[in-house]
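A structural walkthrough
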2 protein chains.
Amino acid sequence: MARRQARFTAQDLADDPRWQDHSSDLWNKTLGDVPRALLTSAVRCFAANGFHATTTRDICEGVNLTAGALYVHFPSKELVLFEIIRAGHQRVLAYIRDLAAPASASSADQLRTIISRYTEWHARHHVAARVCQYELAGLTPQHYDEVLEIRHETNRVFRRVVARGVADGSFKQIDVKRVTRAMLSLSIDLGRWYRLEGSDSPEQLGEFYADLALAMVSHDAPVRGAVPALDGDAAARVRP
Amino acid sequence: MARRQARFTAQDLADDPRWQDHSSDLWNKTLGDVPRALLTSAVRCFAANGFHATTTRDICEGVNLTAGALYVHFPSKELVLFEIIRAGHQRVLAYIRDLAAPASASSADQLRTIISRYTEWHARHHVAARVCQYELAGLTPQHYDEVLEIRHETNRVFRRVVARGVADGSFKQIDVKRVTRAMLSLSIDLGRWYRLEGSDSPEQLGEFYADLALAMVSHDAPVRGAVPALDGDAAARVRP
DNA sequence: TGGTGGTGACTAAGCGCATAGTTATTCGCT
DNA sequence: AGCGAATAACTATGCGCTTAGTCACCACCA
């Protein structure tokens, strides 16, 4: 009837290489061992079955606790989700912000670095990344807004790097907004299909996507009338 | 308690431009008007709130029917989901298969055509596409496998087009598997963010992504040791 | 040393509500 | 009249969260 047919139990997931990643080092260090273990179990359940198909029992089962134990450490299931998504978003932002800092590097090197590292991060933490990208609908409106703010800031960082290269002539006269969106799209989509056990290591994929990013900013947009170099909209958003 | 806090009701969604698309012309023509209207309502609910956060009442409310009416036309909620996902996958496959057929066209033109149309399709049907890509976990294992088969066939079509260009010298000696995956990644990810009301029309986006695809197969992979032209794995999968 | 009280983590049991699906009945069309 | 479509009322079950109580551990003091 109302059974949520979660196809994978926490026990299954713990051993499944498909859902292995490095998300356990994302959690706030001030948290105790048990809450962090709960987050690690939860992120796997949410990634595999979705937020709504995951029960509080599933999460606790993953760390050999019973249902009520979750509420010793978290006030609600939604807050477990929020903690995961907030942590994920803040970590990536801090990570790439540090990388984008050295203005001394060439625009191409800067783009290569930021794209490869952003990609690596999403590959290495693909289970958490999946939850961060595809389970936003489980958040309350307030929490959702909070996360959205971080996402916008992340976008701004990338757009600034691309716009710099266009401005100083390192890149072609591409559409900054569109091209940046495509680059991010590639990395974000990793959460949908990437597995650590596969044939691509996070580093290899990072290099590969950085190459693609460079190709995107180096090719001449075929003259087909369309694709203005920097339309008003995009220009308005660069360096806000 | 067990409230699934579906944030948007069917009534909200019907008017929201955010969830407007052309998915209503996907359904099997042999179905009656009511079942097709139910699918259209369901696809919006699933896309906005997720399969598990959507109640059968939500779906029916969207076409001004009461709860039980759904079971006059479909045996279960899961089958509604399956019908949507199956229809979506079959339509795209049939669509691009027709396009990839004319072997007379140049490899570049063939790639341009197939990528731009695939992208357009995902933009035009982004609500259904979102369900097709992100709600697979709601399917029973049997239905899931059935869908997976169609997905594999779709991938094969694209890989064949890219491999042909590499073989006849139109494209650089790129890694067919990886590059193809990246191209599909871009289009698939549309379901996550695209809106018909936005500033990019499906056609514009199709052209733009086709340009990017061409850039991907035209750039020289920087000699950094890595990225073999056609590794054993990829070679084995092209033309199976 | 051993008794006492306090504390935080955990469990077992279950409450109340919501949900997918069922059924007996009615509606409306030809 | 007769038949398919729709409804209202219902069942069975699962869910998030609560509650009462247990247990291990520690501080304090005689």
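Residues numbered from 1 in each chain as written. Chains lettered and ligands numbered in written order. Predicted model: local features only at pLDDT ≥ 70, side-chain atom pairs only at ≥ 80, totals over all residues.

Per an unreviewed UniProt entry, the recorded name for chain A is TetR family transcriptional regulator, and the organism is Acrocarpospora phusangensis.

A short note on the overall build of chain A
Within chain A, the secondary structure is distributed over 12 helices and 0 strands. Written out in order from the N terminus, the α and β elements of chain A read α-α-α-α-α-α-α-α-α-α-α-α. The burial tally for chain A puts 46% of its 240 residues in the buried class. Once local pairs closer than 6 in sequence are excluded, the contacts in chain A between residues at least 24 apart make up 79%. (Helix = DSSP H or I, 4+ residues; strand = E, 2+ residues; numbered from the N terminus. Buried ≥ 20, exposed ≤ 12 C-beta atoms within 10 Å, placed from the backbone. Contact = placed C-beta atoms within 7 Å.)

Some words on the packing of helix α5 (residues 77-100) of chain B against helix α7 (residues 126-134) of chain B
Residues and elements named next belong to chain B. Packing of α5 against α7 brings their axes to within 9 Å, and their N-to-C directions diverge by 105°. When the axis of α5 is compared with that of α7, the two are roughly perpendicular. Taking contact as the criterion, the partners of I84, I85, G88 and H89 in α5 are, on α7, A128, A129, V131 and C132. Its residues placed into classes, the contact of α5 with α7 shows 6 nonpolar, 2 polar and no charged. (Axes fitted to C-alpha atoms, helices over the stretch in contact; angles between N-to-C directions. Parallel < 35°, antiparallel > 145°, perpendicular 65-115°, else oblique. Nonpolar A, V, L, I, M, F, W, Y, C, P; charged D, E, K, R; others polar.)

Focus: the domain arrangement of chain A
Residues and elements named next belong to chain A. By domain assignment, chain A separates into domain 1 (10-73) and domain 2 (81-237). For domain 1 and domain 2, the distance between their C-alpha centroids amounts to 28 Å. In this complex, domain 1 contributes 19 residues to the contact, which on the side of domain 2 involves 18 residues. (Domains from an automatic or database assignment.)

Points about the packing of helix α9 (residues 176-188) of chain A against helix α9 (residues 176-188) of chain B
Relative to each other, α9 of chain A and α9 of chain B sit at 105°, their axes nearing to 9 Å. Judged by the angle between their axes, α9 of chain A and α9 of chain B are roughly perpendicular. Contacts from A182, S185 and L186 of chain A in α9 of chain A reach A182, S185 and L186 of chain B in α9 of chain B. Of the residues assigned to the contact of α9 of chain A with α9 of chain B, the class counts are 4 nonpolar, 2 polar and no charged.

Considering helix α2 (residues 33-49) of chain A
Residues and elements named next belong to chain A. In a regular helix each residue adds 1.5 Å, so 17 residues correspond to 24 Å; α2 covers 24 Å between its end C-alpha atoms and thus fits that length. Judged by how many residues are buried, α2 sits mostly within the fold: 12 of 17 residues are covered. Along α2, the positions that sit buried rather than exposed are L38, L39, T40, S41, A42, V43, R44, C45, F46, A47, A48 and N49. Count one or two residues on from α2 and you reach G50, which has phi positive near 90°. (Expected span 1.5 Å × (residues − 1).)

Describing helix α6 (residues 107-124) of chain A
Between the first and last C-alpha of α6 of chain A there are 26 Å, a value that for 18 residues agrees with the 26 Å anticipated at 1.5 Å per step. By the criterion of burial, α6 of chain A is predominantly enclosed, with 15 of the 18 residues buried.

With respect to the environment of G206 of chain B
All names here are of chain B. Relative to the helices and strands, G206 resides in helix α11 (residues 202-218). Among the residues examined, G206 registers 24 C-beta atoms within 10 Å and is labelled buried. G206 sits 11 residues away from R195 along the chain, and the two C-alpha atoms are 14 Å apart. Beyond its immediate stretch of four places on either side in the chain, G206 contacts S116, R117, T119 and E120.

So, unusual backbone geometry
Unusually for a residue other than glycine, N64 of chain A sits at a positive phi of about 55°. Relative to the assigned elements, N64 of chain A resides in the loop between α3 (56-61) and α4 (70-73).

Observations concerning the environment of S218 of chain B
For S218 of chain B, the position within the fold is in helix α11. Judged by C-beta crowding, with 16 C-beta atoms within 10 Å, S218 of chain B ranks as partly exposed. Considering only alpha carbons, one finds S218 of chain B and A108 of chain B, 110 residues apart in sequence, at a separation of 9.9 Å. Residues within four places of S218 of chain B in sequence aside, it is in contact with H219 of chain A together with F171 and K172 of chain B.

A closer look at the confidence of the model for chain A
Considering every residue of chain A, the mean pLDDT works out to 89; 89% of them sit at 70 or more. With a pTM of 0.89, the predicted complex shows an ipTM of 0.88. (pLDDT = per-residue confidence, 0-100.)

Overview of the UniProt feature "DNA-binding region" (unreviewed entry) in chain A
Here the UniProt feature "DNA-binding region" (unreviewed entry) sits at residues 55-74 of chain A. Summarising residues 55-74 of chain A: 50% helix, 0% strand, and an end-to-end C-alpha distance of 14 Å. (UniProt positions renumbered as here; feature names shortened; annotations may be inferred.)

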